[in-house]
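The primary structure of each chain is shown beneath.
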Amino acid sequence: MLDRLMLKTEKEINEYLEKQIAERTKELNLVNQNLEEISNRDVLTGLYNRRYLIHHLENLVSANGVENFALLYIDANRFKPINDSYGHSIGDKVLAALGNRFSEFCSPKCTPFRIGGDEFAVIIENYVDKFEISDIADKIFEKLQLPISVSPYTFTLTASIGITLYPEDALDKDVLIRYADIAMYEVKSSHHKNNYLFFDKNFIEKINKKHEIEFLLQNADYNKEFMLFYQPQYNIENQRLVGMEALIRWQHPEKGFISPSEFIPIAEETGMIIHIGEWVAENAFSQIKKWNESYSMNLKMSINISPIQIKNIGFIEWLQEKMQAENIHAEWIDLEITESVAMISTSSIEKIFDFLNEMGISISIDDFGTGYSSLSYIRKYNIDRLKIAKELIDTIAYDENALLIVQAIIMMASGLNLKTISEGVEETEQLAILKKLGCNEVQGYIFGKPVPSDEFEKLHLIK
Ligand code: C2E
Ligand code: CA
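Cut-offs and rules
Numbers given for residues are sequential positions, taken from 1 along each chain in its written order. Chains carry letters from A onward and ligands carry numbers from 1 onward, assigned in written order. Predicted model: local features are reported for residues with pLDDT of at least 70 only, side-chain atom pairs are reported and counted for 80 or more only, and whole-chain, interface and lining totals are derived from all residues. The side-chain figures draw on all heavy atoms in the structure; neither hydrogens nor water molecules are used. Helix and strand definitions here come from DSSP, where helices need a minimum of 4 consecutive H or I residues and strands a minimum of 2 consecutive E residues; each element is numbered from the N-terminal end. Donor atoms (N, O, S) are those found within 2.8 Å of the metal centre, with the cutoff raised to 3.2 Å for Na, K and Ca; water is not part of the atom list, so apparent gaps in a site can occur. Each residue's exposure class comes from its accessible area (1.4 Å probe, protein chains only) as a fraction of the maximum for that residue type: buried when under 20%, exposed when over 50%, partly exposed otherwise. Here, any two strands with at least 2 DSSP bridges between them count as paired. Exposure above 30% relative accessible area and the lack of any salt bridge qualify a residue for a patch; like charges then connect within 9 Å, and the nonpolar side chains Val, Leu, Ile, Met, Phe, Trp and Tyr within 5 Å. Using a 1.4 Å probe, the Shrake-Rupley method yields the accessible areas, and only the shown protein chains count as cover for residues. By convention in these notes, a salt bridge is any Lys or Arg side-chain nitrogen within 4 Å of a carboxyl oxygen on Asp or Glu. Charged-residue counts in this description rest on Lys and Arg as positive and Asp and Glu as negative, His and the chain ends being excluded. Charged groups are reduced to one reference atom each: NZ for lysine, CZ for arginine, CG for aspartic acid, CD for glutamic acid. Note: domain ranges come from an automatic or database domain assignment. Being near a molecule or strand, for a residue, means having at least one of its heavy atoms within 4 Å of it. Polar contacts, as used here, are pairs of N or O atoms within 3.5 Å; protein pairs need one atom able to donate a hydrogen and one able to accept it. Residues neighboring in sequence count only if both atoms are side-chain atoms. Asp, Glu, Lys and Arg are counted as charged, while Ala, Val, Leu, Ile, Met, Phe, Trp, Tyr, Cys and Pro are counted as nonpolar; the rest, among them Gly, fall into the polar class. The arc in question is the one spanned by the directions pointing from the helix axis to the C-beta atoms. In this analysis, rings of Phe, Tyr and Trp, with Trp reduced to its six-membered ring, are considered paired at centre separations within 6.5 Å, and the interplanar angle assigns stacked below 30 degrees, edge-to-face beyond 60, and tilted for intermediate values. Counting as a charge over the ring demands two things of the Lys NZ or Arg CZ atom: a distance within 6 Å of the ring centre and an angle within 35 degrees of the ring normal. Note on contacts: a residue pair qualifies if any of its non-hydrogen atoms lie within 4.5 Å across the two residues.

**Description of unusual backbone geometry**
Leave glycine aside and you will find that most residues have negative phi; peptide bonds, for their part, are mostly trans.
Part 1 of the reasoning: For the bond from Ser 151 to Pro 152, the omega torsion is 0 degrees, close enough to zero to count as cis.
Part 2 of the reasoning: Checked against the element boundaries, Pro 152 lands in the loop between strand 4 (148-150) and strand 5 (153-155).
Part 3 of the reasoning: Residues Tyr 166 and Pro 167 are joined by a peptide bond in cis, for which omega reads 5 degrees.
Part 4 of the reasoning: With respect to the secondary-structure elements, Pro 167 resides in the loop between strand 6 (158-166) and helix 6 (173-188).
Part 5 of the reasoning: Unusually for a residue other than glycine, Gln 239 sits at a positive phi of about 55 degrees.

**Things to note about the coordination of the calcium ion (ligand 2)**
Part 1 of the reasoning: Within the protein, the calcium ion (ligand 2) binds to Glu 245 (OE), Asn 304 (OD1), Glu 336 (OE) and Asp 366 (OD); these donor distances fall in the range 2.2 to 2.4 Å.
Part 2 of the reasoning: Here the donor residues of the calcium ion (ligand 2) are spaced in sequence according to E-x58-N-x31-E-x29-D. With Glu 245 in strand 9 (residues 241-252) and Glu 336 in strand 12 (residues 333-338), the pair connects residues that are 91 residues apart, well separated along the chain.
Part 3 of the reasoning: Using a relative accessible area of 3% as the deciding quantity, one classes Glu 245 as buried.

**Thoughts on the pairing of strand 11 (residues 300-305)**
Part 1 of the reasoning: The sheet contact formed by strand 9 and strand 11 spans 4 bridges and is parallel. In the sheet register, Glu 245 faces strand 11, and the bridge partner there is Ser 302.
Part 2 of the reasoning: Strand direction decides the pairing type here: strand 11 and strand 12, joined by 5 bridges, are parallel. Looking at the pairing, Ile 303 lines up with Leu 335 of strand 12.

**Brief notes about a negative patch on the surface**
Part 1 of the reasoning: A cluster of acidic side chains, namely Asp 129, Asp 135, Asp 138 and Glu 142, defines a negative patch on the protein surface.
Part 2 of the reasoning: In this fold, Asp 138 is placed in helix 5 (residues 130-145).
Part 3 of the reasoning: A relative accessible area of 36% places Asp 138 in the partly exposed class.

**Let's talk about the side chain of Asn 292**
Part 1 of the reasoning: Note on placement: Asn 292 falls in helix 10 (residues 273-294).
Part 2 of the reasoning: Owing to a relative accessible area of 3%, Asn 292 belongs among the buried residues under this scheme.

**Here's the deal with the domain arrangement of the protein chain**
Part 1 of the reasoning: Considered domain by domain, the protein chain is made up of domain 1 (50-199) and domain 2 (209-461).
Part 2 of the reasoning: Computed from C-alpha atoms alone, the centre-to-centre distance between domain 1 and domain 2 is 38 Å.

**Some details on the site of ligand 1**
Part 1 of the reasoning: Residues in contact with ligand 1 amount to 22 residues; listed here are only the nearest, Gln 231, Arg 249, Lys 390, Glu 426 and Tyr 445.
Part 2 of the reasoning: Note that an oxygen atom of ligand 1 is positioned 3.2 Å from one of the side-chain N or O atoms of Asn 304.
Part 3 of the reasoning: Against a free-state accessible area of 810 Å², the protein chains account for coverage of 82% of ligand 1.
Part 4 of the reasoning: A per-element tally of the shell around ligand 1 places strand 9 first, with 4 residues.
Part 5 of the reasoning: For the shell around ligand 1, the residue count by class is 9 nonpolar, 6 polar and 7 charged.

**Thoughts on helix 18 (residues 453-461)**
Think of an α-helix as 3.6 residues a turn; residues three or four steps apart then line up on the same face.
Part 1 of the reasoning: The complete set of buried residues in helix 18 reads Phe 456, His 460 and Leu 461. The buried residues of helix 18 all sit within an arc of 75 degrees when viewed along its axis, so they share a single face. In helix 18, the exposed positions that point more than 90 degrees away from the buried face belong to Lys 458 and Leu 459.

**Comments concerning the packing of aromatic side chains**
Part 1 of the reasoning: Counted according to the given criterion, the structure contains 23 aromatic pairs.
Part 2 of the reasoning: On the numbers, 5.6 Å between centres and 65 degrees between planes, the contact of Phe 226 with Trp 279 is edge-to-face. In this pair, Phe 226 sits in strand 8 (residues 226-235) while Trp 279 sits in helix 10, placing the two residues 53 residues apart along the sequence.
Part 3 of the reasoning: The exposure class assigned to Phe 226 is buried, which follows from its relative accessible area of 4%.
Part 4 of the reasoning: An aromatic cluster is built from Tyr 222, Phe 226, Trp 250, Phe 263 and Trp 279, whose rings are joined through pairwise contacts.
Part 5 of the reasoning: Stacked on the ring of Tyr 48, the Lys or Arg Arg 41 has its end atom at 4.0 Å from the ring centre.

**Some details on the environment of Ile 421**
Part 1 of the reasoning: Along the chain, the position of Ile 421 falls in strand 15 (residues 419-423).
Part 2 of the reasoning: Ile 421 sits in the buried class, given a relative accessible area of 0%.
Part 3 of the reasoning: Each C-alpha atom, one on Ile 421 and one on Arg 51, is 55 Å from the other, the two residues being 370 residues apart in sequence.
Part 4 of the reasoning: Setting aside residues no more than four positions away along its own chain, Ile 421 makes contact with Gln 233, Arg 385, Leu 386, Lys 387, Ile 388, Cys 439, Glu 441, Val 442 and Gln 443.

Written out as structure tokens, the structure is:
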């Protein structure tokens with residue numbers, strides 16, 4: 001009896017223990033699951049993170065994955081200035097609010113991710129056609145553009161989106177990620193940053209070309225390969241030469257002529273523009289000194305300055321030292337700066353403009369009337385001249401709107417005591433209109449194309 005009783009108790013204990021173990025295992029599994037879930041989530045937004053994106057993509061492209069899907073790479077434009085100016089805690093709140101907006105896209109078909117600082121991704125599974133994806137991209141823009149309030153501030157963001165399709169573009173997850181990134185980069189480097197683009201094989205060719213130019217620039221022998229051309233600037237009223245613009249030309253020993261429109265943006269992106277800009281300024285300085293001294297004139301040399309250069313205080317110091325050392329009169333020099341400088345923090349650009357103005361160097365705003373055109377900064381900054389964009393001059397003779405804009409620019413400039421120069425003037429009709437509107441100066445093929453110094457001398461200086 002005792003034996004049987006013991007056996008029964010042992011069995012009961014065993015059963016109890018087994019039950020306990022089963023329960024503990026279940027709990028452990030749950031904890032593990034939670035842990036897995038947490039490691040797949042981004043802490044700030046609660047969205048899935050990059051780690052999970054990779055894992056998810058692996059599943060989707062596997063043998064029993066889906067038929068098709070689209071990967072959208074999304075980068076918030078101009079988020080960095082928010083972090084820089086308002087601090088990281090405000091920046092984090094903006095990102096959390098953005099994350100909330102993305103979570104509204106969560107559905108069995110659509111999965112949003114936060115994959116880095118201000119980078120997000122969305123995967124759309126089993127889409128019907130490209131229109132469906134475009135629709136979703138449009139909705140993302142709509143949602144993102146709504147103002148974000150982080151008391152006491154309100155921010156409005158835009159985004160650049162690159163899209164790649166599986167299996168159309170690629171079968172491999174890493175290649176798909178790279179393609180989506182390339183398409184996004186293409187949007188970022190275009191005029192319309194608040195846009196989306198589907199990946200295109202041509203983008204790769206463009207990137208390869210860019211890398212090639214970057215490499216060639218790094219190895220360029222400036223004095224052998226670069227040259228300055230000069231294009232005259234004339235006073236409209238008395239048709240006298242007032243100055244010239246220095247335009248860089250690059251003749252590569254093997255690749256031939258490479259246009260500044262092609263290599264200057266790359267030089268800007270890589271920072272090489274600082275070095276190139278110094279070469280340009282040095283050569284333009286000695287040229288204008290030579291001309292003004294040998295012809296007893298007071299012509300102005302316009303030099304293009306990239307926003308990256310003007311932001312660099314070292315460049316301004318270099319400019320001042322160089323001019324003093326070479327005995328270059330400040331009134332001989334004009335710096336052409338594009339409207340995009342208005343995007344640089346106002347107080348620092350104000351100081352730089354004031355400093356240049358005190359030195360006696362004049363400042364022209366290049367390509368005026370396109371792009372940013374925030375009229376407020378013209379009043380705020382020490383500016384001498386507005387250079388009306390070729391784009392407007394091109395259509396001035398037949399487009400009423402262009403004519404009205406140019407008229408408004410000239411009136412406003414004269415009210416503010418600024419000079420105006422029109423760029424890209426090719427025809428007598430355009431010249432007549434500009435003269436009537438009261439534009440002060442012109443530059444364009446009508447008076448002369450950019451040419452090497454010896455030719456410039458023959459055409460415009462030796463009378
Ligand atoms: P930009 O400063 O707007 O220069 C004007 C461009 O328009 C020049 O092209 C010039 O050759 C062209 N142009 C002038 N008049 C006419 C015209 O009547 N008709 C036509 N069809 N074109 C005209 P380019 O020399 O190819 O320069 C392109 C851009 O490259 C410049 O645009 C400027 O942004 C940049 N660039 C050129 N040289 C330098 C430089 O030394 N430094 C920097 N940072 N940028 C430069
Ligand atoms: Ca220019």
